[in-house]
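What the coordinates show
Below, each chain spelled out in residue letters.
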Amino acid sequence: MHGNFSLGILMGISAGLVNGIFLLPMRYTRKWAWENVWFIFAILSTLVFPWIAALLAVPHLTTIFRTSSFSYLVVGLITGTVWGIAQVLYGLGCGMVGIAIGSAVIACTAIISGTIGPIIAYAPEKLVSLSSVILLIVVVLIVIGIYLYSKAGARKEQETAGKDASKQIVKGSLRTGLTICLTSGVLGTAFIYGGKSSTAILAAAEAAGASSLFAFYAAYVVTFNAGTVPGVLYSLYKLHKNKTIINYFKSGSFLWNLALASSMAVLWYGGILLYGMSSQEMGKLGPSIAFALFSSGTVLFANLFGWLAGEWKGASHRTIRGFVNGMALIVLAVLIIAFGLRSHG
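Residues numbered from 1 in each chain as written. Predicted model: local features only at pLDDT ≥ 70, side-chain atom pairs only at ≥ 80, totals over all residues. Heavy atoms only, no water.

**Things to note about the overall build of the protein**
Definition in use: Starting at the N terminus, helices and strands are each numbered in turn, a helix being any DSSP run of H or I of at least four residues and a strand any DSSP run of E of at least two. Restricting the calculation to C-alpha atoms gives the radius of gyration, and the globule rule supplies 2.2 Å times the number of residues raised to the power 0.38. Type-normalised accessible area, obtained with a 1.4 Å probe on protein chains alone, sets the label of each residue: buried when under 20%, exposed when over 50%, and partly exposed for intermediate values. Note on contacts: a residue pair qualifies if any of its non-hydrogen atoms lie within 4.5 Å across the two residues. Using the Shrake-Rupley algorithm and a 1.4 Å probe, accessible areas are obtained, with residue cover drawn only from the displayed protein chains. Counting rule applied: Lys, Arg positive; Asp, Glu negative; His and chain ends not counted. To locate a charge, the coordinates of NZ of Lys, CZ of Arg, CG of Asp or CD of Glu are taken.
A tally of regular secondary structure across the protein gives 14 helices and 0 strands. Along the protein, helices (α) and strands (β) appear in the sequence α-α-α-α-α-α-α-α-α-α-α-α-α-α when read from the amino end. For 345 residues, the compact-globule estimate of 2.2 N^0.38 gives 20 Å, and the C-alpha radius of gyration of the protein, at 20 Å, lies within 12% of that figure. Taking the principal axes of the C-alpha coordinates as reference, the protein spans close to 60 × 50 × 35 Å. Across the 345 residues that make up the protein, the buried fraction comes to 52%. Taking the intrachain contacts of the protein between residues at least 6 apart in sequence as the baseline, contacts between residues at least 24 apart amount to 86%. About 15,700 Å² of surface is accessible on the protein, with carbon and sulfur atoms providing 69% of the total. In the protein, 22 side chains carry a positive charge and 8 a negative one; their mean positions are 7 Å apart.

**Observations concerning helix 1 (residues 5-21)**
One turn of an α-helix holds 3.6 residues; hence residues three or four places apart share an orientation. Using the following cut-off: Between the first and last residue of a helix there are one fewer steps than residues, each counted as 1.5 Å, and that sum is the expected span. Polar contacts, as used here, are pairs of N or O atoms within 3.5 Å; protein pairs need one atom able to donate a hydrogen and one able to accept it. Residues neighboring in sequence count only if both atoms are side-chain atoms.
Given a rise of 1.5 Å per residue, 17 residues ought to cover 24 Å, and the 25 Å separating the end C-alpha atoms of helix 1 matches this to within 8%. Residues of helix 1 that are buried include every one of Phe5, Gly8, Ile9, Met11, Gly12, Ala15, Gly16, Val18, Asn19, Gly20 and Ile21, and no others. Against the buried residues of helix 1 lie helix 12 (254-280), helix 13 (286-308) and helix 14 (317-340). Sitting at the amino-terminal end of helix 1 is Asn4, which places a side-chain oxygen 3.1 Å from the backbone nitrogen of Ser6.

**A short note on the layout of surface pockets**
Applicable threshold: Cavities and pockets were defined on a 1 Å grid built over protein atoms only: a cavity is a set of grid points that admits a 1.4 Å probe from which the probe cannot escape, a pocket is an open set flanked by protein on both sides within 12 Å along at least five of seven lines, and lining residues are those with an atom within 4 Å of any such point. Grid points are joined across faces, edges and corners, and a volume is the space filled by probe spheres set on the points. The classification used treats Ala, Val, Leu, Ile, Met, Phe, Trp, Tyr, Cys and Pro as nonpolar, Asp, Glu, Lys and Arg as charged, and all other residues, Gly among them, as polar.
Put simply, the second largest pocket is a space of about 240 Å³. Lining the second largest pocket we find 17 residues, and of these Gly195, Lys196, Leu202, Phe216 and Gln280 sit closest to its centre. Residues that form the lining of the second largest pocket fall into these classes: 9 nonpolar, 6 polar and 2 charged.

**A word on the pattern of salt bridges**
What counts is decided by this rule: We define a salt bridge as a side-chain nitrogen of Lys or Arg found within 4 Å of a carboxyl oxygen belonging to Asp or Glu.
If you walk through the whole model with that rule in mind, you get 1 salt bridge. With its nearest N and O atoms 2.6 Å apart, the salt bridge here joins Glu125 to Lys284. With Glu125 in the loop between helix 5 (99-122) and helix 6 (130-161) and Lys284 in the loop between helix 12 and helix 13, this pair connects stretches of sequence that are 159 residues apart. Take Lys284: its relative accessible area is 46%, and that puts it in the partly exposed class.

**A few points about the side chain of Ser113**
As for its placement among the helices and strands, Ser113 is situated in helix 5. Overall, the relative accessible area of 17% leaves Ser113 in the buried class. Here the side chain of Ser113 touches Thr109 through a polar contact of 2.9 Å, landing on its backbone oxygen. Once residues within four sequence positions are removed from consideration, Ser113 is found in contact with Pro118, Gly185, Val186, Thr189 and Tyr193.

**Regarding the packing of aromatic side chains**
How we decide: Note on aromatic contacts: the rings of Phe and Tyr and the six-membered ring of Trp form a pair at centre separations within 6.5 Å, being stacked when their planes are under 30 degrees apart, edge-to-face when over 60 apart, and tilted otherwise. Should the NZ of a Lys or the CZ of an Arg lie within 6 Å of a ring centre and within 35 degrees of the ring normal, that charge is described as sitting over the ring.
In this structure the tally under the stated criterion is 29 aromatic pairs. Residues Trp38 and Phe41 carry aromatic rings whose centres are separated by 4.7 Å and whose planes lie at 50 degrees to one another, so their mutual orientation is tilted. Placement of the pair is Trp38 and Phe41 together in helix 2 (residues 34-57), with a separation of 3 residues, close to one helical turn. Its relative accessible area of 4% is what places Phe41 among the buried residues. We note Arg30 situated over the ring of Trp256; from NZ or CZ to the ring centre the distance is 4.4 Å. We note Lys156 situated over the ring of Trp312; from NZ or CZ to the ring centre the distance is 5.2 Å.

**Observations regarding the packing of helix 2 against helix 12**
Applied cut-off: Between the N-to-C directions of two axes lies an angle of 0 to 180 degrees, each axis being a line fitted to C-alpha atoms and, for a helix, fitted only over the stretch in contact. Angle categories are assigned with fixed cut-offs, so that under 35 degrees is roughly parallel, over 145 is roughly antiparallel, 65 to 115 is roughly perpendicular, and the rest are oblique. Note on convention: the crossing is left-handed when the near helix lies turned anticlockwise from the far helix by less than a right angle, right-handed when the turn is clockwise.
With their axes 8 Å apart at the nearest point, helix 2 and helix 12 run at an angle of 50 degrees to one another. What the angle tells us is that helix 2 and helix 12 run oblique. Pair helix 2 / helix 12 crosses with right-handed handedness. Note on element contacts: helix 12 touches helix 2 through Leu258, Ala261, Ser262, Met264, Ala265, Val266, Trp268, Tyr269 and Leu273, opposite Val37, Trp38, Ile40, Phe41, Leu44, Ser45, Thr46, Phe49, Pro50 and Ala53.

Fair warning: the whole summary comes from geometry, so function is off the table for now.
In structure tokens, the structure reads:
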């Protein structure tokens, strides 16, 4: 196995940590609606910061892009656009079926497709290996864990906020909402292939002197810049529909809110980069192992910090037990990855 497996595990868990907490700063914004924050966040996290990170890590980056054939960029442009559409579908799907159910369906679908898909694409010879069997067990544990915690989360909402807590926000049938959530989960893993399959860009970055650990930064510029468009357009639509663009000028807290949105973008994109570096350190199964760690860590730490912030205050003992059981299964899955795959990845 190439790379340092233990370092890859640490990076994957760290990716989940920062991705799990990136929304926390939004709690402290003042007089801005969701779309006010998200518009700034989307521009910084998918347009600006990918360039900053790549310029720092990849020598002669602008020359690489200036001299590259358009065909070098096609994979990143397509996968990035698909990923961006998935982010919009996330909001629509959760609006139809409720956040608890929607986020659980999307998370489960993403973990399954983001773990199994890269094996098929990059290591098909390992489909029937012990490593893949272990990963399949891990995926099952994570999916069951997400089911238990999301069920507890839905119950908690009813216990603490009344029967209308999961009221439909976006009109549409349950079947349509679930279909959108399933689609979002699958398409949301597209960025994996933008970073891994942009082979010409990766080769050009390494030829320019970039470390193999950081060469994918250049590919992520193309991928996430393409993904900017759907997210920004959706935010602009919400700003226009809700007439909230005026908040930028009347809130009196523009710099404060800008700093919070910027910190969200740093955390989120930092998590994406940590995922990419984690996958580089763990051999041919790296993208799959790292994604399992990244996704499970995101769920685990987001809920841990939610617990510490008092989100589960007032929930019944039965509900809390379901939450703890779900989180325990996810911790078990992470431990299996860390110790069960060390000699098999």
